[in-house]
Amino acid sequence: MDALRLEGVSYRYADGRTALEDLNISIEAGERVALVGPNGAGKSTLLHILAGLFVPTTGKMTVMGVELNRKNAQEVRRHVGLMFQDPDDQIFMPSVWEDVAFGPMNFGLSEDEVRGRVAEAMRMTGIEGFEERVPHRLSLGEKKRVAMAGLLTMSPDVLLLDEPTANLDPWGRRDFVDLLEKRKETIVIATHDLSVAFHLAKRVLVLKRKMLYDGDVVGLIQNQEVLREARLELPSFSRLLQRWAEETGKEFRPPATVEEALEILRHNYCCRDQGAKHEH
Amino acid sequence: MEELSHAEERLDVDAYAKRSPFYPLDPRVKLFCTVALIVVVAVLTSLEAVLLAGAFLILLAIASRIPARHLASNFLLALIFVVFAALTMLLYRGWESALIIGLRISICVLALLIMVSTTPFFKMLRAMRSLRVPKLIASMIMFTYRFIFLLLDEMERMKLARRARGFTGGRNLLDRSALRTLANTIGMTFVRANARATNIYDALLMRGYTGEIREFGRLHVGPKDVVFGACFATVIVLTILLETGVLPWML
């Protein structure tokens, strides 16, 4: 079943600017997809449409089989959790517990159900013990976890994440990627960080008002034209090995992850045996 | 509880709510009693009656265990209105009217301060809704409170940006260049705050917000609420009797 389906979707802002043009996308339930593109490409607008906050100017969008229109936006939103780039936009209540519980309380769930969901979401996001903390005094990484817990308590079928690792320190970024890796929901991650995108998703959508590319990571890495057009830069280990391949004349496809890069080095260079030892 | 800076303490209306003995009281009772007292005080013309209401509120402030510094620093925000009204009355009606109007406004402000300082913000909104305050008004109050922090954050960032680019505040109060910069800053603050506000509203919609304030537990009027209400009722009746001249006649 398609969790998300867009057919001929275009979106024009009130001032006449066209943000998105003729998008046709289908994302299966449980699939993890990275949405990349330059600044102003329409990534956030697309996330807002997928979240049921904007209704397409033309075309059709369905979430878990429910077609979005102006009347049923609230029903569509129950299937979707949207994490904003800046967690301060999302965190509203005076304490972490109250903020995490805000969504399920609005959905009218019983007190026991809400308490159970909040405890579980806080455990999953690693913010146990933060219940009474004041959100606006948390670090950015902690705020992002609180925002994520707030989404998970609503048990959405689809998670839409707008730059989830932006401005995080390296460990915060790593922790957040680990957290996302464990999720079973359908996930769309809008990001500039291709190393995060390649780590978390097998499929990449490259957007620049129109869809420039919709396919697997390997195809994108080899498609220099799309990378240039979308002003994307491959991760540094990938570029390093590309340069090495050019200089040595060896033939291999550029790696998408650190593990792939390591495998290439083991295979093409001198440390095959050492690599095997390392693995043992 | 985490340590609060003085500025945060003044803006955080929930900073002391849970420490107060009035915290467990039904917020509807607190709201109703406070509004009733304010309505009565607003029409008083007798100095004795005003002083009685004032004395009651001072006792209430002491009993609330809200730090005097917190009440005083918030009261200072309203002081300019008190002084303005009192000065106007001084010019047209004499010192007694000035004193009465100054005291009346001060009492109303103090009553509101005690109420908001002893009631968590969202409990108060819920009480307002249960007393039939329209959803729109309750939502506007909630957003106003949230946006105060956003506006301050935005202004602080822009102040730093101005300083970083050499702005020192102008040579004097009428420096046109400085005034233009400040006007642009204020305009830009509102533009940015508007963009931020749109995001916050979208985030609320995503989490099922419909304008209702939801909290667990049913509001319940207990014996302590009855005692609290009876104290207010007694003071209100006594001030009315003093105001109408019935109390001295009875005594």
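See the structure above.
Scoring rules and cut-offs
- Residues numbered from 1 in each chain as written.
- Chains lettered and ligands numbered in written order.
- Predicted model: local features only at pLDDT ≥ 70, side-chain atom pairs only at ≥ 80, totals over all residues.
- Heavy atoms only, no water.
- Contact = heavy atoms within 4.5 Å.
- Buried area = accessible area lost by both parts, 1.4 Å probe.
- Salt bridge = Lys/Arg side-chain N within 4 Å of Asp/Glu carboxyl O.
- Helix = DSSP H or I, 4+ residues; strand = E, 2+ residues; numbered from the N terminus.
- Nonpolar A, V, L, I, M, F, W, Y, C, P; charged D, E, K, R; others polar.
- Pairing = 2+ DSSP bridges.
- Buried < 20%, exposed > 50% of the residue type's maximum accessible area, 1.4 Å probe, protein only.
- Phe/Tyr/Trp six-rings, centres within 6.5 Å; stacked < 30°, edge-to-face > 60°.
- Lys NZ or Arg CZ within 6 Å of the ring centre and 35° of its normal.

Engineer: Any chance you could explain the interface of chain A and chain B here in plain terms?
Structural biologist: Interfaces are often sized by the amount of accessible area the parts lose when they come together. Taken together, the contacts link 35 residues of chain A with 27 residues of chain B. Between chain A and chain B the total buried area reaches about 2800 Å² when both faces are included, carbon and sulfur atoms providing 58% of it. Among the residues of chain A in contact with chain B, Asp89(A), Phe92(A) and Arg137(A) are the three that bury the most area, contributing 26% of the side total. The tally of links between chain A and chain B comes to 3 salt bridges. For the side of chain A that touches chain B, the secondary-structure elements that each account for two or more residues are helix H2 (73–77), strand E6 (80–83), helix H3 (96–106) and helix H4 (111–124) of chain A. Here the side of chain A that touches chain B takes 6 residues from H3(A), the largest share from any one element. Among the residues making up the side of chain A that touches chain B, the classes are represented as 17 nonpolar, 8 polar and 10 charged.

Engineer: Explanation requested: the sheet that holds strand E2 (residues 18–28) of chain A in the structure shown.
Structural biologist: The pairing of strands in a sheet comes from backbone hydrogen bonds and takes either a parallel or an antiparallel form. All names here are of chain A. Pairing within the open sheet is antiparallel, and its 4 strands lie in the order E2-E1-E4-E5. The two strands at the open ends of the sheet, each matched to only one other strand, are E2 and strand E5 (66–67). Relative to strand E4 (residues 58–63), strand E1 (residues 2–12) runs antiparallel, the two being bridged by 5 bridges. What sits directly across from glutamate 7, in E4, is lysine 60.

Engineer: Explain the pairing of strand E9 (residues 203–208) of chain A here, please?
Structural biologist: Across a regular strand the side chains alternate sides, sitting on one face of the sheet and then on the other. All names here are of chain A. Most of E9 sits inside the fold, with 5 of its 6 residues counted as buried. Across 6 bridges, E9 lies against strand E10 (residues 210–216) in antiparallel orientation. Opposite leucine 205, over in E10, you have aspartate 214 as the bridge partner. Hairpin remark: E9 followed by E10, antiparallel, with 1 residue in the connecting loop; positive phi at arginine 209, about 65°.

Engineer: Whenever I open this one, the packing of aromatic side chains confuses me. Can you help?
Structural biologist: Two measures describe an aromatic ring pair: the distance that separates the ring centres and the angle between the ring planes. One pass over the structure, following the stated rule, counts 11 aromatic pairs over all chains. Relative to Phe54(A), the ring of Tyr11(A) has its centre 5.1 Å away and its plane inclined at 10°; by these criteria the two rings are stacked. Of this pair, Tyr11(A) sits in strand E1 while Phe54(A) sits in the loop between helix H1 (43–50) and E4, placing them 43 residues apart in sequence. Using a relative accessible area of 13% as the deciding quantity, one classes Tyr11(A) as buried. According to the relative accessible area criterion, Phe54(A) is buried, its value standing at 18%. Between Phe102(A) and Tyr209(B), the aromatic rings sit 6.4 Å apart at their centres with planes inclined by 20°, giving stacked as the arrangement. In this pair, Phe102(A) sits in helix H3 while Tyr209(B) sits in the loop between helix H8 (176–206) and helix H9 (223–243), so the two residues belong to two different chains. When sorted by exposure, Phe102(A) lands in the same class as Tyr209(B), which is buried. In textbook terms, an aromatic cluster arises when at least three aromatic residues are bridged by ring pairs, as seen for Phe92(A), Phe102(A), Phe121(B), Phe122(B) and Tyr209(B). One residue, Arg78(A), lies across the ring of Phe107(A), its end atom 4.1 Å from the ring centre. The residue whose ring lies beneath Arg133(A) is Phe130(A), and the NZ or CZ to ring-centre distance is 4.8 Å.

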